[in-house]
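In case you want the letters, here they are:
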Amino acid sequence: MSTILFELGCEELPPKSLKPLRDALQASVTEQLTAADITFDSIKAFAAPRRLAIQIQGISDKQPDRTEQKRGPAIKAAFDAEGNPTRAAMGFAKGLGIEASELTTINTDKGDYVGFEQTIRGQATTELLPAIFQTALDNLPIAKRMRSGASRNEFVRPVQWAVLMQDDTVIDATIQGHQTGTQTRGHRFHSPDYHNIAHANDYEQLLDGLKVVADFDKRQMLIKNQVKALADEVNSDAIVPQDLLNEVTALVDFPIALRASFEARFLQVPQEALISTMQADQKYFCLTDKTGKLQPYFIFITNIESKDPNQIIEGNEKVVRPRLADAEFFFLQDQKQPLFALTESLKNRVFQDKLGTIWEKSERIAKLAAFIATLMQQQGHDVNVDETVRAGILSKADLASSLVGEYPELQGIAGTYYARLNDEPEAVAASLEEQYLPKFSGDVLPQTPIGICLALADRLDTLVGIFAIDQAPTGSKDPFSLRRSAIGILRILIEKQLPINLVALVEQAIKGYSDAEGSKIAKMGDTFTQVMAFLNSRYRAMYTEQGVSVDTIQAVQAINPHMPLDFDQRIRAVQAFSELSQASMLADSNKRVANILAKSEVSVADTVDEALLSEPAEQNLYANVQQAQTVVQPLLEQADYTQVLQTLASLDEPLTQFFDQVMVNSEDAALKNNRLALLKQVRALFLTVADISELQL
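Residues numbered from 1 in each chain as written. Predicted model: local features only at pLDDT ≥ 70, side-chain atom pairs only at ≥ 80, totals over all residues. Heavy atoms only, no water.

## Examining the sheet that holds strand β7 (residues 159-166)
In step 1: Taken together, five strands build an open sheet; the order of strands is β2-β3-β1-β7-β8 and the sheet is antiparallel. Strands at the two margins of the open sheet, each flanked by one partner only, are β2 (42-48) and β8 (169-170). (Pairing = 2+ DSSP bridges. Helix = DSSP H or I, 4+ residues; strand = E, 2+ residues; numbered from the N terminus.)

## Focus: the packing of helix α16 (residues 449-468) against helix α19 (residues 524-545)
In step 1: Two elements in contact, α16 and α19, have axes separated by 9 Å at closest approach and are oriented at 125°. The angle between α16 and α19 places the two elements in the oblique class. For the pair α16 and α19, the crossing hand works out as right-handed. Together, L463, V464, F467 and A468 of α16 and T527, Q530, V531, F534 and L535 of α19 make up the contact between the two elements.
In step 2: Here the contact of α16 with α19 is built from residues that sort into seven nonpolar, two polar and no charged. (Axes fitted to C-alpha atoms, helices over the stretch in contact; angles between N-to-C directions. Parallel < 35°, antiparallel > 145°, perpendicular 65-115°, else oblique. Left-handed = near helix turned anticlockwise from the far one by under 90°. Contact = heavy atoms within 4.5 Å. Nonpolar A, V, L, I, M, F, W, Y, C, P; charged D, E, K, R; others polar.)

## Digging into the packing of aromatic side chains
In step 1: One pass over the full model with this rule turns up 13 aromatic pairs.
In step 2: Between F329 and F330 the ring centres are 5.8 Å apart and the planes differ by 65°, which places this aromatic pair in the edge-to-face class.
In step 3: You can call F329 partly exposed: its relative accessible area is 48%.
In step 4: Judged by centre distance (5.7 Å) and plane angle (20°), the ring pair of F331 and Y418 falls under stacked. On the criterion of sequence distance, the pair formed by F331 in helix α9 (residues 309-334) and Y418 in helix α14 (residues 413-421) is long-range, its members being 87 residues apart.
In step 5: These aromatic residues form a ring-pair network of at least three members: Y284, F298 and F300.
In step 6: When the ring centre of Y113 is taken as origin, the NZ or CZ atom of R71, which lies over that ring, is 4.4 Å away.
In step 7: The lysine or arginine in question, R265, covers the ring of F266, its NZ or CZ lying 4.2 Å from the ring centre. (Phe/Tyr/Trp six-rings, centres within 6.5 Å; stacked < 30°, edge-to-face > 60°. Buried < 20%, exposed > 50% of the residue type's maximum accessible area, 1.4 Å probe, protein only. Lys NZ or Arg CZ within 6 Å of the ring centre and 35° of its normal.)

## Comments concerning the sheet that holds strand β13 (residues 237-238)
In step 1: Strand order across the open sheet formed by four strands is β13-β15-β16-β14, with antiparallel pairing between neighbours. This sheet does not close on itself; its edge strands, each paired only once, are β13 and β14 (256-261).
In step 2: Alignment of β14 against strand β16 (residues 294-302), held across six bridges, turns out to be antiparallel. Looking across to β16, one finds that R259 is bridged to I299.

## Considerations on the pairing of strand β6 (residues 111-120)
In step 1: Pairing analysis gives seven bridges linking strand β4 (residues 66-74) to β6, with the strands arranged antiparallel. Among the inter-strand pairings, E68 is bridged to a residue of β6, identified as Q118.
In step 2: Where strand β5 (residues 104-108) and β6 come together, five bridges link them in antiparallel fashion. Across the sheet, the residue bridging to T104 is G115, located in β6.
In step 3: Two successive antiparallel strands, β5 and β6, enclose a turn made up of two residues.

## So, the pairing of β2
In step 1: Among the seven residues that make up β2, five are buried, leaving the element largely enclosed by the rest of the structure.
In step 2: Sheet topology places β2 next to strand β3 (residues 51-59); seven bridges connect them, and they run antiparallel. Paired with K44 across the bridge in β3 is Q55.
In step 3: Connecting β2 to the next strand, β3, in antiparallel fashion are two residues.

## Side note on unusual backbone geometry
Leaving glycine out, the prevailing phi sign among residues is negative, and the prevailing peptide bond configuration is trans.
In step 1: Here L437 and P438 are connected by a cis peptide whose omega angle stands at 0°.
In step 2: Among the structural elements, P438 can be located in the loop between α15 (426-434) and α16.
In step 3: Within the chain, N235 stands out as a residue other than glycine whose phi angle is a positive 55°.
In step 4: Mapped onto the elements, N235 comes out in the loop between α6 (216-233) and β13.
In step 5: Positive phi outside glycine occurs at S481, with the angle close to 55°.

## Overview of the packing of helix α12 (residues 385-394) against α16
In step 1: Contact pair α12 / α16: the axes reach a minimum separation of 10 Å and the direction vectors enclose 50°. Classed by the angle they form, the pair α12 and α16 counts as oblique. The handedness of the crossing between α12 and α16 is right-handed. Each of E387, T388, A391 and G392 in α12 lies in contact with α16, whose residues at this interface are I450, C453 and L454.
In step 2: Of the residues belonging to the contact of α12 with α16, the class tally is four nonpolar, two polar and one charged.

## Details of α12
In step 1: Buried within α12 we find T388, A391, G392, I393 and L394.
In step 2: Of the surrounding secondary structure, the elements contacted by the buried residues of α12 are α10 (343-346), α11 (358-378), α15 and α16.

## Let's talk about the pattern of salt bridges
In step 1: Tallied over the full model, the rule gives 31 salt bridges.
In step 2: Between K211 and E305 there is a salt bridge; the shortest N-O distance is 2.9 Å. In this pair, K211 is assigned in the loop between α5 (203-209) and α6 and E305 in the loop between β16 and α9, connecting sequence segments 94 residues apart.
In step 3: Owing to a relative accessible area of 41%, E305 belongs among the partly exposed residues under this scheme.
In step 4: Linked through salt bridges whose partners overlap, the residues forming this network are K361, R364, K396, D458 and D461. (Salt bridge = Lys/Arg side-chain N within 4 Å of Asp/Glu carboxyl O.)

If you want it as structure tokens, here you go:
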């Protein structure tokens, strides 16, 4: 058992790719070692700005020997009548490098064959490793490779050196066009020269002394701890997005955090703009107070242990000031006119060639949002329809602002700031930001009633319009993010407990594309059908992400509820039903009932003639069905589907007895049809909630 060290030294690797490259390298090497039957105790990957490395400890010296059975021609073809080997047998033996007399007999179900068992000697690990590492490098997820000078070897960045060692000995190989050795390089500024690695186990400790923290995760933890300590000194919390943290970790070998500040006057600018420019352009960590309000500080990570850190701090403050001043300029420039005035330029900005301008979209959003607000009012929600219309008209106004032009991610957010400065009602102002929620899977939902109306109206308008012009998502292509929009609609209606029918919303959205000159939607019926089918198809993606089984989703989809809140209540009821001891039998019985009814050659009646119930088992089932119908009706009116299925679980035993003791397909047509009618009532009871026959229990 020994330790293997592999290191590839490069020019600075792309920071956003460093962690994925490290993970892919380790995964590929691990997979290849396992496939080659080479055992090891542990494997660890390292990644720093100028290196990718793998350290494997407790690795076996060679592959284990293995026995391989070679099967040749059938005995009849291998030997003639006198028992002498034929040309077929001799040719087979020659191919194995043995004499024909050494062949053995292999007995199989298909007959006897000649064969030979040979021992394959395992290769030395050191012989296999160069190819394993080169293959791993070749398979890394690199979008675009480059080569330097006359070299034909390509990699994500030019390669400078390669290390491949077993304990204290070089494994002689050429990787990425470089001869392997034992020399690595330290920090570009603090320790730029080559340094010899005495033993593969010394790698991490040696680099620590050369001002390189090679372990990506360790380096990241150092950054997090330093940032927190500096933030605590000014009683603040640091904003540390994981993507930014990964990128900063990939930019430095030896992280040292420093805190700087900027003028408090910039805090009048929307803090989202300041945070955006400091994070995206400068890779800074911003600080907020305990309420989330931005503070005039930022923390940055330097890659140099400076004798005078103040010079570095002053330099960063000097660099960030013009960027914050730009944001301030755009913010003040926009305030020279009210938010509503910006809507004028939307009349010349195209939303989509066939669907009109952004102003026209704003008008449609206002009308549809007002329709939704009216529905919410009828359900007891406190929402002002006039303010909803106002919010709809202003919903896209900030797209014409200078601030959003410079920081597109501030759409909606800028509108909320400007609406408050213009003394718009708070409900209107807050909704302008909320209209874009949820922005991604698991994101928060709009909180205000008007924000809910705008969020629904915006998504429905886009959904209907894009389907109307035949630009529906195909495969992995979804340029308008319609799948995300559809799930957003469902989530809002479900999680906000809004009993609103999708049919009404989609129909109203389609009507929004009509005006005095006609409709922009040529095939309204087709558009309605396609949009409804698309929305219904999103349930599966949404619920499987929550861990709901596919058969449960299919059981509810089979009855095609049009109200998302109602759909969700049915899902929860079927989930609870699936846990019952009677669930499996009732699911099977429902399948059986569905098959029997489907095969009926005559139309099955809705009512049962009690006088024709001759068998005790069918009389008992009928009595239980009658009782269940009475109990279930008020539960259905309350949408208490869980209790409905709990009640119907009592049909378990009567159904079992019915199928055990009653012949449904009686020769007496009247009896047969009456029994089919009884089963139809059983089936109808379960279908009030879901198609239980879809369950795979």
